[in-house]
Amino acid sequence: MTEEQKKKHDFAPFWEEQERLRLYLKQSKPPTPQQVKAQKDPFGTNWSREKLISALENEAKKNGVWIEDTSNLRGEDVGEGGENKVYQNPSEPATVIKFNRMTYSADSEAGIDALFDGLIAQGELFPALEYEVLGFAHDVYGNVAIILRQQYVTAERYATEEEINSWFQNNQFIKERFGFWSNGKYKIHDYKPANVMMANNGILAFIDPIIVSRAHQ
């Protein structure tokens with residue numbers, strides 16, 4: 001079992017259905033236009049964010065990974081960004097709980113696959129800040145969110161742009177058009193100083209970068 005498969009095992013029925021559709025189109029005879037349409041459009045008509053989010057909620061509830069009561073996950077309000085509402089974990093103060101409402105990652109047909117690839121990449125590139133997926137739930141605004149646990153970072157200050165750029169250069173990333181940094185496998189953006197902290201141990205902590213794997217570039 002690959003590392004990616006291990007990460008996704010809790011959501012196996014959903015991913016198995018997607019794989020079944022992919023394998024269906026790999027039969028020996030050429031796929032019909034209807035088969036191609038079904039693969040491109042598993043929701044029946046034109047793709048929409050609303051259909052994808054609804055499907056995620058239904059599958060999460062069906063497969064036992066929906067969290068109905070999140071009160072025990074919401075400690076002190078730590079902060080909020082474009083995608084995440086962040087709380088200190090009341091049962092484990094050394095970690096934070098993030099309600100990621102998929103603001104950006106569910107805006108395309110590859111969004112959820114890209115989201116999980118990005119979560120896996122976070123652990124690969126920044127092991128100390130690896131995400132653990134707890135399940136799905138509604139956030140305080142009623143949005144469907146993926147619930148993540150991550151190490152709490154004790155930081156002295158935000159990193160400077162120069163420090164961030166140096167980190168990328170020292171780790172064999174090359175700056176491309178539109179401000180992306182790429183190492184050939186991943187592209188990273190949204191690495192502004194507000195998302196990168198200088199931790200107390202002198203290490204840069206990339207809190208909420210957007211990481212896109214080559215498969216979704």
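Residues numbered from 1 in each chain as written. Predicted model: local features only at pLDDT ≥ 70, side-chain atom pairs only at ≥ 80, totals over all residues. Heavy atoms only, no water.

Asker: Help me understand the overall build of the protein chain, please; the structure alone is not making it clear to me.
Answerer: Scanning the protein chain from terminus to terminus reveals six helices and twelve strands. For the protein chain, with 217 residues in total, the buried portion stands at 40%. Restricting to contacts in the protein chain with at least 6 residues of sequence separation, those with at least 24 account for 54%. Per element, the accessible surface of the protein chain, about 12200 Å² overall, is 51% carbon and sulfur. (Helix = DSSP H or I, 4+ residues; strand = E, 2+ residues; numbered from the N terminus. Buried < 20%, exposed > 50% of the residue type's maximum accessible area, 1.4 Å probe, protein only. Contact = heavy atoms within 4.5 Å. Areas by Shrake-Rupley, 256 points an atom, 1.4 Å probe, with all protein chains shown as cover.)

Asker: Honestly, the sheet that holds strand β3 (residues 95–100) in this entry has me stumped. Any pointers?
Answerer: Each strand in a sheet pairs with its neighbour through backbone hydrogen bonds, running either in the same direction (parallel) or in the opposite one (antiparallel). Strand order in the open sheet made by the five strands is β1-β2-β3-β5-β4, with antiparallel pairing throughout. The sheet is open, and its two borders are formed by β1 (77–80) and β4 (132–138), each paired with just one other strand. Each adjacent strand pair in this sheet contributes to an overall mean axis angle of 25°, direction not counted. The pairing of strand β2 (residues 84–88) with β3 spans five bridges and is classified as antiparallel. Residue pairing across strands places K85 opposite F99, the latter belonging to β3. (Pairing = 2+ DSSP bridges. Axes fitted to C-alpha atoms, helices over the stretch in contact; angles between N-to-C directions.)

Limitation: the analysis is restricted to geometry and does not speak to function.
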